[in-house]
Amino acid sequence: MMAMLCSLTASAQFYPDGRPIHPSKRGGYHQRYERPRHSNPDTYSGVRFGLGMATVNSDSPYLDGNEVKTGFYGGLAFGVSLSYNTPIFFETGIYFSQKGGKSEYDGEKFTYNLDYLEFPVVFKYMAPVADKVTIEPFAGGFLSCGVGGKIKDYQNRAAYSSFSDEYYDNFRRFDAGLRIGCGLSVDQFYVEAAYDFGLANVGKNDFEDTHTGAANISVGFNF
């Protein structure tokens with residue numbers, strides 16, 4: 001019985017499509033269908049949602065945020081493997097990110113709501129630590145486009161658009177910077193912490209540097 005099983009297994013290996021493989025090509029068949037050396041998928045997608053804690057750092061005393069502002073952070077992620085031998089992935093996606101800050105200067109209080117569509121571009125390493133558990137540090141950058149938000153002047157009880165061209169003391173619509181962070185994946189469940197360093201001058205005054213910053217914590221699922 002053991003001999004029969006072994007012979008059937010050996011025969012099945014060389015009749016994968018119901019057709020025999022010539023003996024001279026059988027070695028190449030096994031080599032061509034060798035499994036990848038890392039067990040992570042070639043591509044993945046996922047959903048993320050969580051909380052962002054943002055600030056605005058500026059040379060302008062009116063725009064410089066001395067308090068953290070919280071807001072929603074979430075969206076869709078897409079990743080693709082870059083290496084056959086090493087679990088290195090390229091990840092991007094589209095997110096809705098609420099940034100901004102709060103400031104108080106000379107008795108005047110301001111809050112800045114900056115709503116962005118954000119596009120991360122990062123490289124991620126998926127290090128396996130247990131069965132279906134990976135630690136995933138990443139680094140890269142992001143591009144953002146402002147789609148809404150209000151600046152509130154509590155002293156004068158006034159509010160106006162954060163990105164409107166009608167005002168001088170507000171913000172440019174486009175932002176870009178660096179992103180670093182780390183994720184943890186347990187089967188399909190995913191949790192992540194990241195920080196965005198804004199490098200673009202988002203203030204309209206060219207002589208005063210204004211930059212965004214945000215720490216984001218999110219959870220989600222990969223598919």
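Parameters and conventions
Residues numbered from 1 in each chain as written. Predicted model: local features only at pLDDT ≥ 70, side-chain atom pairs only at ≥ 80, totals over all residues. Heavy atoms only, no water. Helix = DSSP H or I, 4+ residues; strand = E, 2+ residues; numbered from the N terminus. Buried < 20%, exposed > 50% of the residue type's maximum accessible area, 1.4 Å probe, protein only. Contact = heavy atoms within 4.5 Å. Pairing = 2+ DSSP bridges. Patch = residues over 30% accessible without salt bridge, like charges linked within 9 Å, V, L, I, M, F, W, Y side chains within 5 Å. Areas by Shrake-Rupley, 256 points an atom, 1.4 Å probe, with all protein chains shown as cover. Salt bridge = Lys/Arg side-chain N within 4 Å of Asp/Glu carboxyl O. Phe/Tyr/Trp six-rings, centres within 6.5 Å; stacked < 30°, edge-to-face > 60°. Lys NZ or Arg CZ within 6 Å of the ring centre and 35° of its normal.

Caption draft 1: Geometry of the environment of Ser97. Relative to the helices and strands, Ser97 resides in strand S3 (residues 88-105). When its relative accessible area of 1% is taken as the criterion, Ser97 is described as buried. Expressed as a C-alpha distance, the spacing of Ser97 and Leu117, which sit 20 residues apart in the sequence, is 6.4 Å. When near neighbours in sequence (up to four residues on either side) are disregarded, Ser97 contacts Phe72, Tyr73, Leu114, Asp115, Tyr116 and Glu118.

Caption draft 2: A look at the pairing of strand S11 (residues 210-222). Pairing of strand S1 (residues 43-58) with S11, which is carried by 13 bridges, proceeds in the antiparallel orientation. In the strand pairing of S11, Arg48 is matched with Gly220. Note that strand S10 (residues 189-198) and S11 share nine bridges and pair antiparallel. For Phe189, the partnering residue across the bridge sits in S11 and is Phe221.

Caption draft 3: Local environment of a nonpolar patch on the surface. Together, Leu76, Phe78, Ile94, Leu117, Phe119, Leu143 and Val147 make up a nonpolar patch on the protein surface, roughly 570 Å² of accessible area in all. Following the sequence through the fold, Leu143 ends up in strand S6 (residues 133-148).

Caption draft 4: Broad picture of the packing of aromatic side chains. Under the definition given, this model contains nine aromatic pairs. Ring centres of Tyr116 and Phe163 lie 5.8 Å apart, and the angle between their planes is 65 degrees; this geometry places the pair in the edge-to-face category. Residue Tyr116 is found in strand S4 (residues 108-125), and its partner Phe163 is found in the loop between strand S8 (158-161) and strand S9 (174-186); the two are separated by 47 residues along the sequence. An aromatic cluster is defined as three or more aromatic residues linked by ring pairs; in this entry it consists of Phe110, Tyr112 and Phe171. Over the ring of Tyr116 we find Lys99; its NZ or CZ atom is 5.8 Å from the centre of that ring. Across from the ring centre of Tyr154, 5.1 Å away, lies the NZ or CZ of Lys109, which sits over that ring.

Caption draft 5: Summary view of the environment of Phe78. Looking at where Phe78 falls in the secondary structure, it is placed in strand S2 (residues 69-81). When the C-alpha positions of Phe78 and Asn222 are compared, they lie 9.2 Å apart, and in sequence the two are 144 residues distant. Ignoring any residue separated from it by four or fewer positions in sequence, one finds Phe78 in contact with Tyr44, Ser45, Phe90, Glu91, Thr92 and Gly93.

Caption draft 6: Expanded view of the pairing of S4. Inspection of the sheet shows S3 paired to S4 by 16 bridges, in the antiparallel sense. In the strand pairing of S4, Ser97 is matched with Tyr116. Sheet topology note: the S4/strand S7 (residues 150-153) ladder contains three bridges and is antiparallel. Among the inter-strand pairings, Tyr112 is bridged to a residue of S7, identified as Ile151. Across 10 bridges, the pairing between S4 and S6 is antiparallel. Residue pairing for S6: Pro120 is matched across the bridge by Phe142.

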